[in-house]
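Geometric and topological summary
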Amino acid sequence: ENGTYEIRADGQNETVIVRSVAYTGWKMIGVVPESVQKSNFKNFRYYVFATILVLLVMLLEGNQLVSRKISKPIRELDASVKTYEAGGKPDIYIGGSSEIRHLGHSVQKSYEQIEELMDEIIRQQNERRKSELAVLQNQINPHFLYNTLDSIIWMIQSGEYKGAEQMVSSLAKFFRISLSQGKDIIPLEKELEHATSYLAIQNIRFKDKFEFSVQADKKLLHYLCPKLSIQPLLENAIYHGMEGVYDDGEITISVYEKDNLIHIDVSDNGLGMPEKVVEYIMHNRVVSSKRGSGIGVRNVDERIKLIYGEQYGVTIESELDEGTTATIIIPKLEETAEINSDESNKTKL
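Just so it is clear, the structure is predicted and the values come from calculations on it, not from any experiment.

Helix and strand counts for the protein chain stand at eight helices and 12 strands. The burial tally for the protein chain puts 36% of its 349 residues in the buried class.

Pasting the structure below:
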């Protein structure tokens, strides 16, 4: 009868398989010794194990491949973003799958918009500072003009015609150079003339309370200087430095070259200022006196930095009972063409 039977022959177990052959009535009998079965089963296990091992290796390799394809673009994008945040200007990485490329494009666009906004903020700030400084620069404090004219009238009434004539001449030169045909940057020679006219007016008004002198290297006089830069320093020297000095006051303007830069010193032999007062003057919008121009030392410092760069500007050194020296540091620039109202001057080193 058809079926599978276990028998034992010649001392070993055998499996007998009986099957009928259709349409013949014959019986087909197959005998499989146990040793053959075990051998085939063992080989089958090896094949299964080898197949599983190969599949695992292929799976791991495929996983690594997919991982590299996904993670490498992300690492590249992360590296370019970190470089950008550190101050570099790399091209943001755009690659990999469509999602990562979209992310790269988004980051790139965001940084471009941030740069545009920063440039616009800087431009607006510079324009605002230029406007503020232009207003300060162009103003003539009514007190200064009124007091000067009052002094002229008083001198004429007192018969001091020569002194009145000198003051009127100095005042005319003062205004002429203050206007300078709308130029913001003028030759240093003209700026020194303006400063000298201012000192001459104040010296007459204060009845020779102080003496002044100008010591300038003539080789530097053709270089350019921001207009009305020296006058605020002179105001500090007169209204603050000369305060409490009743005679023998001295104010000196020195122009010299140092480290290939132009230094303009305004020195006085007054009472000096403590360090905290110097810090306050340099970091706050203060003026020396309501009788002055209204332009503070910080305004001059900001204007110079705006025109030339952060490495230039004004410094103040002062010692109590020794006096004060305010120094303007500017580069050596020459005029090469007509003044441009937006950029002050077209200049060259």
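What follows deals with helix α7 (residues 275-283). When we look at burial in α7, the residues that qualify are Val 278, Ile 281 and Met 282. The buried residues of α7 all sit within an arc of 95 degrees when viewed along its axis, so they share a single face. Opposite the buried face of α7, at more than 90 degrees from it, the exposed residues are Lys 276 and His 283.

Take the side chain of Ser 170 next. Note on placement: Ser 170 falls in helix α4 (residues 161-179). Ser 170 sits in the buried class, given a relative accessible area of 13%.

The next point concerns the pairing of strand β8 (residues 261-268). Where a strand is regular, its side chains alternate between the two sheet faces. The buried fraction of β8 amounts to seven of the eight residues, a majority that puts the element mostly inside the structure. Bridge analysis of strand β7 (residues 249-258) against β8 gives eight bridges, and the strand direction is antiparallel. Residue pairing for β8: Ser 254 is matched across the bridge by Asp 265. Between β7 and the antiparallel strand that follows it, β8, lie two residues; Asp 259 among them carries a positive phi value of about 55 degrees. Bridge count for β8 against strand β10 (residues 323-330) is seven bridges, and the pairing is antiparallel. The partner of Asp 265 across the bridge, within β10, is Thr 327.

Side chains of Asp 208, Glu 211, Asp 248 and Glu 250 sit close together on the surface and give a patch of like negative charge. Positionally, Glu 250 belongs in strand β7.

Of all hydrophobic cores here, the largest spans 48 residues; its most connected members are Ile 230, Leu 234, Ile 251, Ile 253 and Ile 264. In terms of residues, this core owes the most to one element, helix α5 (residues 188-205), which gives six residues. In contact with Ile 253, not counting residues within four places along its chain, are Leu 192, Ala 195, Leu 199, Ser 213, Val 214, Gln 215, Ile 230, Leu 234, Ile 264, Asp 265 and Val 266. With six residues, the next largest nonpolar core counts Leu 77, Tyr 84, Ile 92 and Tyr 111 among its residues.

To continue, consider the packing of α5 against helix α6 (residues 231-241). Packing of α5 against α6 leaves a shortest axis separation of 10 Å and a crossing angle of 25 degrees. In terms of axis orientation, α5 runs roughly parallel to α6. Where α5 crosses over α6, the two elements pack in a sense that is right-handed. Residue-level inspection shows Glu 191, His 194, Ala 195, Tyr 198, Leu 199, Gln 202 and Arg 205 of α5 in contact with α6, the latter providing Gln 231, Leu 234, Glu 235, Ile 238 and Tyr 239. Counted by class, the contact of α5 with α6 contains six nonpolar, three polar and three charged residues.

For the coordinates displayed, the defined rule picks out three salt bridges. For the salt bridge of Lys 332 with Glu 257, the shortest nitrogen-to-oxygen distance reads 3.2 Å. You can see Lys 332 sitting in the loop between β10 and β11 (334-335) and its partner Glu 257 sitting in strand β7, a full 75 residues away along the chain. Given the relative accessible area of 37%, Glu 257 is considered partly exposed.

Spatially, β5-β7-β8-β10-β9 is the arrangement adopted by the five strands of the open sheet, whose pairing is mixed. Since the sheet does not close on itself, it has two edges, and those belong to β5 (210-216) and β9 (313-319), each with one partner. Recorded for the sheet is a direction-independent mean angle of 15 degrees between the axes of neighbouring strands. Its contacts with the sheet place helix α8 (residues 297-308) against β9 and β10, and it is angled at close to 145 degrees to β9.

Bringing the environment of Ala 216 into the picture now. Mapping Ala 216 onto the fold places it in strand β5. Judged by relative accessible area, which is 32%, Ala 216 ranks as partly exposed. With 37 residues separating them along the chain, Ala 216 and Ile 253 place their C-alpha atoms 7.8 Å apart. Not counting the four nearest positions on each side in its chain, Ala 216 is found in contact with Leu 192, Leu 221 and Val 255.

The next point concerns the pairing of β7. Bridge count for β5 against β7 is seven bridges, and the pairing is parallel. In the sheet register, Phe 212 faces β7, and the bridge partner there is Ile 251.

The rules behind each value
Residues numbered from 1 in each chain as written. Predicted model: local features only at pLDDT ≥ 70, side-chain atom pairs only at ≥ 80, totals over all residues. Heavy atoms only, no water. Helix = DSSP H or I, 4+ residues; strand = E, 2+ residues; numbered from the N terminus. Buried < 20%, exposed > 50% of the residue type's maximum accessible area, 1.4 Å probe, protein only. Arc of directions from axis to C-beta. Pairing = 2+ DSSP bridges. Patch = residues over 30% accessible without salt bridge, like charges linked within 9 Å, V, L, I, M, F, W, Y side chains within 5 Å. Areas by Shrake-Rupley, 256 points an atom, 1.4 Å probe, with all protein chains shown as cover. Salt bridge = Lys/Arg side-chain N within 4 Å of Asp/Glu carboxyl O. Lys, Arg positive; Asp, Glu negative; His and termini not counted. Charge placed at Lys NZ, Arg CZ, Asp CG, Glu CD. Core = buried A, V, L, I, M, F, W, Y, C linked by side-chain atoms within 4.5 Å. Contact = heavy atoms within 4.5 Å. Axes fitted to C-alpha atoms, helices over the stretch in contact; angles between N-to-C directions. Parallel < 35°, antiparallel > 145°, perpendicular 65-115°, else oblique. Left-handed = near helix turned anticlockwise from the far one by under 90°. Nonpolar A, V, L, I, M, F, W, Y, C, P; charged D, E, K, R; others polar.

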